[in-house]
Amino acid sequence: MRIVRFVVRRLLQLIPVLLGVVVLTFLLVRVLPGDPIRTILGPNATPEDAAAARARYGLDQPIVKQFLDYLGGLVTGDLGTSIQSGTSVGAEIGLRIGPTFELVVLALAVALVVAVLLGVWSARHADRAGDHGVRLTALVGNSMPEFWLGLVLILVGYSVLGWFPAPSGRVDPDTNLTPLTGADLLDAALTLNGPAFGSALAHLILPVATLSIVVVAPLLRSVRASALEVLHSEPYVAATAHGLRGRTLLRGYLLRATLARLPSLAALVFGTSIGSTVLVEYVFSWQGFGQWALRGLLYRDYPVVQASVLVIAFCYVVVFLIADVAQAVLDPRVQI
Amino acid sequence: MSETVVVGAARVGRFATVLIVTGSAILAVVALAAIFAPLFTGWGPTEIDPLGTLVPPGPGHPLGTDANGMDVWSRLLYAGRLDLGIAVAGVAVAVVAGTALGLVAGYLGGWVDDVLMRVVDIFQAFPTFILALAVAALVGNGTGNLIAVIAAVNAPAYARLVRAEVRTVRESAFVAASVTSGASTSGVLWRHVLPNSLTPVRVIAPLNAGWAMLTLAGLSFLGLGVTVPAAEWGAMISLGSPDVVAGRWWTSVPPGLVLLICVLGFSLLGEGLQERAEAKRR
């Protein structure tokens, strides 16, 4: 019950922040240079054409009216119409978010498992050769330009070894995959399409590897640090002194206490991974949300920019909320 | 027991020194190579070899040429000027602006604090790179703009950090003593609060400079930062990225490797400083 109250209170606190984000993006895209209309009209368009197009997207209205219309649409769940494509922004997001989620969720899952295993191992062997190796690897991973890593993996995995498909698209079109959620691996599994599943998996491996290598480094460092803290804590030392079995110590005392600190770190890392995803999608021509948002930004497609900024901010703050709740569930000392 | 603690502390100190020295050495080498680039190469950074584009590494061009026929080795050296320059300048501006905001917000409190911190909240509702992407796409590129972008996306974190420190320092006895003995607000801030609130900033700034280099290179890679023909590692990787599918490694692998090493230099330095600060606290 307390958790429900906490979540409701936090969601209410989000409203002013998100409203600030909405106002700020709305104003910024209009105040700063760049014109969405000029990008859709050809070079031969007359001023009358431009005025007509402007009127069609309501850009000739006073800015306050435009903002109120936009806000009214938001309340009813209408994110507007893309100036570039002329289709509903909400529908486009629905199409693009599935592939991106698949990429991010798989990469984060791989990164979390690797970070916990290696981090705990490293802490238990602190200041020995293996630990130094792990820490150095983490530092290198932390300094890695993800877009370059993606290119290197393509160079090795596709150009030299030929093990993986070319970095264009998410699934071989010959496999006749029926799109349901947009997450191709999931769709293939749901429609029991074996060839599509294999193809989607093959296309996923390199981008997921790229993203998880970049994401694992900061997680690994944090897991190691918190595992070290637990190893030196009084309850753990007491448990060791009582002569408990190694397995009980590891599972009951070390892992649980280490994991309790993980959610807030994972949320922070999720944030950086959103930024990396834009670059990784670009390298692998993933055609997901990141590439869509980037194009909207480049063409000054106001509704697309506004919607994608709002979606990212919303995901980001909600993930932090989820992390706080998860922390409270894992760690009984946390009062929310 | 106490003896092992002392030995441990000494070892931590030595390890921190190794990290700091290694990181600084890497950065010094890259900076010197960039400054004295003309000594190490006969080609200019944007000079085109009329005899060949995409020439593999060989005697005339130690790292080959790119799709425009420019010498990769020479561009690699010169690029350090823009990469290091923009990242360091951007973070420096962020530190100064963020510290000033955090100082004012933390010391004055009240509505000033509320307003400033809500603005910081909005900025921090975005991942750094996304924010940089949006700001860079809107203000356009150019060296000055890129420095401003790097500064704008990093300043909020410093504001928050310094504000938290200031709120602790503000409550300490020496500040109260100074206030009661009639010192002016600016005098107290400048002489007592500021110097005692900068410890975390000193540790974060080098790490931040490394991330700023990654941000800058990422922007350039997407065509929103430094653009070809200017020599910058991210832009070089971007230009070389189509070659990768054809198996040509020399246009994109070397600039990424140098970028990685340079960022690693900053990471090692920051890690060392952090270790030293923690050892001192214990």
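The model shown is predicted, which means the values in this text are computed figures rather than measured ones.

### Brief notes about the overall build of chain B
No. 1: When its secondary structure is counted, chain B shows 11 helices and 0 strands.
No. 2: If you list the helices and strands of chain B from N to C, you get α-α-α-α-α-α-α-α-α-α-α.
No. 3: For chain B, the spread of C-alpha atoms along the three principal axes comes to 75 × 55 × 30 Å.
No. 4: Buried positions account for 49% of the 282 residues belonging to chain B.
No. 5: Within chain B, contacts between residues separated by at least 24 positions form 74% of all contacts whose residues are at least 6 apart in sequence.
No. 6: Counting every atom, chain B has about 12,400 Å² of accessible surface; 68% of that belongs to carbon and sulfur.
No. 7: Side-chain charges in chain B split into 16 positive and 16 negative, and the spacing between the mean points of these groups amounts to 11 Å.

### Quick look at the pattern of salt bridges
No. 1: Per the stated rule, a full pass over the model turns up 14 salt bridges over all chains.
No. 2: With a closest N to O distance of 3.0 Å, Asp69 of chain A and Lys65 of chain A form a salt bridge. Remark: Lys65 of chain A and Asp69 of chain A occur in helix H4 (residues 63-75); sequence separation between them is 4 residues, near one turn of the helix.
No. 3: With relative accessibility at 45%, the residue Asp69 of chain A sits in the partly exposed group.
No. 4: Owing to a relative accessible area of 40%, Lys65 of chain A belongs among the partly exposed residues under this scheme.
No. 5: Each of Arg135 and Arg221 of chain A together with Glu271 and Glu275 of chain B takes part in salt bridges that share partners, so that together they form one network.

### Here's the deal with a nonpolar patch on the surface
Residue and element names in this part refer to chain A.
No. 1: Residues Leu19, Val23, Leu27, Val31, Ile63, Val64 and Leu68 make up a contiguous nonpolar surface patch of roughly 610 Å² in combined accessible area.
No. 2: Broken down by secondary-structure element, the contributors of at least two residues to the nonpolar patch are helix H1 (2-31) and H4.
No. 3: Summarising the element assignment, Val64 is placed in helix H4.
No. 4: Of the residues examined, Val64 reaches a relative accessible area of 56% and is grouped as exposed.

### A look at unusual backbone geometry
No. 1: Backbone torsion omega between Val228 of chain B and Pro229 of chain B reads 15 degrees, so that peptide bond is classified as cis.
No. 2: Note that Pro229 of chain B resides in the loop between helix H9 (199-221) and helix H10 (233-245).
No. 3: For Leu192 of chain A, which is not a glycine, the phi torsion comes out positive at approximately 55 degrees.
No. 4: For Leu192 of chain A, a relative accessible area of 77% corresponds to the exposed category.

Reading the values: the criteria
Residues numbered from 1 in each chain as written. Chains lettered and ligands numbered in written order. Predicted model: local features only at pLDDT ≥ 70, side-chain atom pairs only at ≥ 80, totals over all residues. Heavy atoms only, no water. Helix = DSSP H or I, 4+ residues; strand = E, 2+ residues; numbered from the N terminus. Buried < 20%, exposed > 50% of the residue type's maximum accessible area, 1.4 Å probe, protein only. Contact = heavy atoms within 4.5 Å. Areas by Shrake-Rupley, 256 points an atom, 1.4 Å probe, with all protein chains shown as cover. Lys, Arg positive; Asp, Glu negative; His and termini not counted. Charge placed at Lys NZ, Arg CZ, Asp CG, Glu CD. Salt bridge = Lys/Arg side-chain N within 4 Å of Asp/Glu carboxyl O. Patch = residues over 30% accessible without salt bridge, like charges linked within 9 Å, V, L, I, M, F, W, Y side chains within 5 Å.

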